[in-house]
Amino acid sequence: DAAPVLSPGDGLAARLNRELVPLYRRELEGLGLEARGFYFRQRSLQRGTLIGFREETILELIDSELPAYDAYAILRAGLGELALLIAASGRDVIAYEPHRHGRAAIEAGAAHLESVGLLDPGKITIFARPNPEHFACARILGIGLKAGRGANQAIDEQFRRTAAFDALLVDLGFFLRR
């Protein structure tokens, strides 16, 4: 039997923040100058938040407005704030993060959440970049809220690979500003 899906009303984001903020503060402090790419997340962590309103709202949207998918693929997953929240809600997640420090943070966060019983083992899989083989047999919602930020060549490659998703949730504001 599958674990029950938890919703935002269960205080899931607050529980994850209590567990992950101290862990990520230590992780980023240990990186020194290499952590400069995570500047905005460092500021959030100083305020005691990793998973915020945006991530909670997306989980609420998934819960209340979208059909169920076999898995949820997060493009440019960063430190895993959205990927870990969706996975902790009981859904299968594929996190794509091109930066090795981001992937390491997601792995550390997932391992910690598993150790305290907030994440079922195997709910999150982490890759550097999308590969159509990852979703050959499943209905997958691609979530690309950070996709499209960066060099044009990288943007084009990201979106060429999204054709394999059954649906795609993106931040249209990025495209409107371009």
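Reading guide: rules and limits
- Residues numbered from 1 in each chain as written.
- Predicted model: local features only at pLDDT ≥ 70, side-chain atom pairs only at ≥ 80, totals over all residues.
- Heavy atoms only, no water.
- Axes fitted to C-alpha atoms, helices over the stretch in contact; angles between N-to-C directions.
- Helix = DSSP H or I, 4+ residues; strand = E, 2+ residues; numbered from the N terminus.
- Parallel < 35°, antiparallel > 145°, perpendicular 65-115°, else oblique.
- Left-handed = near helix turned anticlockwise from the far one by under 90°.
- Contact = heavy atoms within 4.5 Å.
- pLDDT = per-residue confidence, 0-100.
- Buried < 20%, exposed > 50% of the residue type's maximum accessible area, 1.4 Å probe, protein only.
- Pairing = 2+ DSSP bridges.
- Expected span 1.5 Å × (residues − 1).
- Core = buried A, V, L, I, M, F, W, Y, C linked by side-chain atoms within 4.5 Å.

1. Regarding the packing of helix H3 (residues 53-64) against helix H4 (residues 81-88)
Then, in step 1: It is at 10 Å that the axes of H3 and H4 come closest, and there the two elements cross at 40°. Classified by the angle between their axes, H3 and H4 sit oblique to one another. Between H3 and H4 lies a crossing of right-handed hand. Mapping the contact onto sequence places Glu55, Glu56, Ile58, Leu59 and Ile62 in H3 and Glu81, Leu82, Leu85 and Ile86 in H4.

2. Considering the confidence of the model for the protein
Then, in step 1: On average, residues of the protein carry a pLDDT of 79, and 69% of them reach 70 or more.
Then, in step 2: Ranking the elements of the protein by mean pLDDT puts helix H6 (residues 152-160) last, at 53, and H4 first, at 96.

3. A word on the pairing of strand S3 (residues 124-127)
Then, in step 1: What you see with S3 is a clean split: Ile124 and Ile126 sit on the buried side and Thr125 and Phe127 on the side with no burial.
Then, in step 2: Direction of pairing for strand S2 (residues 93-96) relative to S3: parallel, over a ladder of 4 bridges. In the strand pairing of S3, Ala95 is matched with Ile126.

4. Things to note about the environment of Glu55
Then, in step 1: Tracing the sequence through the fold places Glu55 in helix H3.
Then, in step 2: Considering only alpha carbons, one finds Glu55 and Leu82, 27 residues apart in sequence, at a separation of 5.4 Å.

5. Some points on helix H5 (residues 100-115)
Then, in step 1: Given a rise of 1.5 Å per residue, 16 residues ought to cover 22 Å, and the 22 Å separating the end C-alpha atoms of H5 matches this to within 8%.
Then, in step 2: Here H5 has its buried residues at His101, Gly102, Ala105, Ile106, Gly109, Ala110 and Leu113.
Then, in step 3: Gly117 occupies a position one or two residues after H5 and carries a positive phi of about 80°.

6. Digging into the nonpolar core
What tends to happen in soluble globular proteins is that the nonpolar side chains get buried as a cluster.
Then, in step 1: Core analysis: the largest hydrophobic core is formed by 39 residues, its most contacted members being Leu16, Leu20, Tyr24, Ile86, Ile124 and Ile143.
Then, in step 2: Broken down by secondary-structure element, the contributors of at least two residues to this core are helix H1 (12-31), H3, strand S1 (71-75), H4, S2, H5, S3 and strand S4 (140-144).
Then, in step 3: Leu75, Ile94, Tyr96 and Phe165 belong to the second-largest nonpolar core, a separate cluster that totals 7 residues.

7. Things to note about H4
Then, in step 1: Burial analysis of H4 places 8 of its 8 residues in the buried class, which makes it a mostly covered element.
Then, in step 2: All buried positions along H4 are accounted for by Glu81, Leu82, Ala83, Leu84, Leu85, Ile86, Ala87 and Ala88.
Then, in step 3: Positive backbone phi, approximately 105°, marks Gly90, located one or two places after H4.

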